[in-house]
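Architecture and fold: a report
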Amino acid sequence: MAERETVAVAVVTYNRADLLRGMLAGLAALDPAPDAVIVVDNASTDHTPQVLAESDLPGLVVDRSETNLGGAGGFRRAVRAAYDAGWDRIWLMDDDVVPAADCLGVLLSYDEDCLMAVREDRTGALVEKAALTFDLTHARAIKPKTAMVETTFGTREAMPETVELENVAFEGFMVRRSVVAEIGLPDDSFFIFYDDCDYAIRARRAGRRILAVRDAVLVRQLDFDQQHDLAGWKGFYMYRNLFAVHLRYGESPLVRAKPWLITAAVVALSPVRGGRGEARNVIRALRHARAMRSLPSSSVD
């Protein structure tokens, strides 16, 4: 019998201590158990340090950052730590998900470099928003995600055993060490939003498939609220990082021009929707996204 590959879970947390406690309990119940759990604490100001200090989870490694690196910076730090430690597979997840006890075992039964657990909410409803199609070839859609698991299948039972994805969330994404060695680390310049999408594109362009595994269950503890106020600070990152993905990976001049078209449309419509705040955000986002056009380094060093 072949020896089981080793696994490190890479977690990023920020000011959600009670969710983190539940998530750590879920990791403790996994069978088989992971070999290590690396938690990057993004300078939390709540009782996160206490929750981590009190945990007796085997293999727990706590890495507290002095500043908030954002999700992107936290995952870059956690993946680097797991890679440097030599673990075969790295399983990324946020602090608001809890895996089913057999989730890790199900994923490890697949000999694939990139895998994704499938999320449901606390009622058991399918809430997996990873994209089946992420179109950077045609400019007709404002958002490149044109089909996702949740809306395509409706229920977990309606899914086939595996589904090929074109983007992922860093909530249940598992990647082999060999992929990290080839494409590098998550890009911390994103701060939040689209860092996972960027990483999926890089993996796919390196020739890797990404498979969502129907029977690998991950339970999300919070409702999705990604439709943030686009005039607020998160709106800036959503626009900027969406634009950066188009500028980096757009497969035609028209796709790469979409950030300018979207900016013009948002500014024109701002009097009847997001107001001056959203207009300022989208203009600033376009300017900053242009500085992110270069691909990140493929080196882990």
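Anything mentioned here points back to the structure above.
So, here's what we can say about the structure. (Residues numbered from 1 in each chain as written. Predicted model: local features only at pLDDT ≥ 70, side-chain atom pairs only at ≥ 80, totals over all residues. Heavy atoms only, no water.)

This part covers the overall build of the protein. Along the protein, the regular secondary structure elements total ten helices and eleven strands. Over its C-alpha atoms the protein spans a radius of gyration of 19 Å, differing by no more than 12% from the 19 Å that the globule rule assigns to 301 residues. If one aligns the C-alpha atoms of the protein with their principal axes, the spans along those axes are about 60 × 45 × 40 Å. Across the 301 residues that make up the protein, the buried fraction comes to 50%. Pairs at least 24 residues apart make up 77% of the contacts formed inside the protein by residues separated by at least 6 positions. Total accessible area on the protein is roughly 13,300 Å²; 51% of this is exposed by carbon and sulfur atoms. Of the side-chain charges in the protein, 36 are positive and 43 negative, and the distance between the mean point of each set is 10 Å. (Helix = DSSP H or I, 4+ residues; strand = E, 2+ residues; numbered from the N terminus. Rg over C-alpha atoms; globule rule 2.2 N^0.38 Å. Buried < 20%, exposed > 50% of the residue type's maximum accessible area, 1.4 Å probe, protein only. Contact = heavy atoms within 4.5 Å. Areas by Shrake-Rupley, 256 points an atom, 1.4 Å probe, with all protein chains shown as cover. Lys, Arg positive; Asp, Glu negative; His and termini not counted. Charge placed at Lys NZ, Arg CZ, Asp CG, Glu CD.)

Two aromatic rings are characterised by how far apart their centres lie and by the angle between their planes. Under the defined criterion, the tally for this structure stands at seven aromatic pairs. Look at Trp233 and Tyr237: their rings are 6.1 Å apart centre to centre, the planes differ by 85°, and that puts the pair in the edge-to-face class. Within this pair, Trp233 and its partner Tyr237 are both found in helix α8 (residues 233-249), separated by four residues, close to a single helical turn. Judged by its relative accessible area of 19%, Tyr237 is buried. Taken together through their ring pairs, the aromatic side chains of Phe75, Phe170, Phe173 and Tyr199 make up a single cluster. We note Arg177 situated over the ring of Tyr83; from NZ or CZ to the ring centre the distance is 3.9 Å. (Phe/Tyr/Trp six-rings, centres within 6.5 Å; stacked < 30°, edge-to-face > 60°. Lys NZ or Arg CZ within 6 Å of the ring centre and 35° of its normal.)

What follows is about helix α1 (residues 17-28). Its twelve residues give α1 an end-to-end C-alpha distance of 16 Å, which sits within 8% of 16 Å, the value for a rise of 1.5 Å per residue. Packed against the buried residues of α1 are β1 (7-13), β2 (36-41), α2 (48-54), β4 (89-94) and β5 (97-99). (Expected span 1.5 Å × (residues − 1).)

This brings us to the nonpolar core. Counting 38 residues, the largest nonpolar core has Ile90, Leu92, Leu165, Phe173, Val175 and Val180 as its most contacted members. The element that contributes the greatest number of residues to this core is helix α3 (residues 70-85), accounting for five residues. Contacts of Phe173, omitting those with residues within four sequence positions, involve Ile90, Trp91, Leu92, Cys114, Leu115, Met116, Val168, Tyr199 and Ile210. Counting residues in each nonpolar core, the second largest holds 30 residues, with Val51, Trp91, Leu108 and Leu211 among its members. (Core = buried A, V, L, I, M, F, W, Y, C linked by side-chain atoms within 4.5 Å.)

This part takes up the environment of Glu54. Tracing the backbone shows Glu54 in helix α2. Overall, the relative accessible area of 52% leaves Glu54 in the exposed class. A polar contact is formed between the side chain of Glu54 and the side chain of Gln50, at a distance of 2.9 Å. (Polar contact = N/O pair within 3.5 Å; in protein donor to acceptor, adjacent residues only side chain to side chain.)

So, about the side chain of Glu128. Relative to the helices and strands, Glu128 resides in the loop between β6 (114-120) and β7 (131-134). The exposure class assigned to Glu128 is buried, which follows from its relative accessible area of 0%. Here the side chain of Glu128 touches Ala130 through a polar contact of 3.0 Å, landing on its backbone nitrogen. Discounting chain neighbours no more than four positions away, the residues touching Glu128 are Met116, Ala117, Val118, Arg119, Val149 and Glu150.

Once that is clear, we can look at the environment of Thr263. For Thr263, the position within the fold is in helix α9 (residues 253-269). Spatially, the C-alpha atoms of Thr263 and Glu278 are 9.9 Å apart, while their sequence positions differ by 15 residues. When near neighbours in sequence (up to four residues on either side) are disregarded, Thr263 contacts Phe243, Val282, Ile283 and Leu286.

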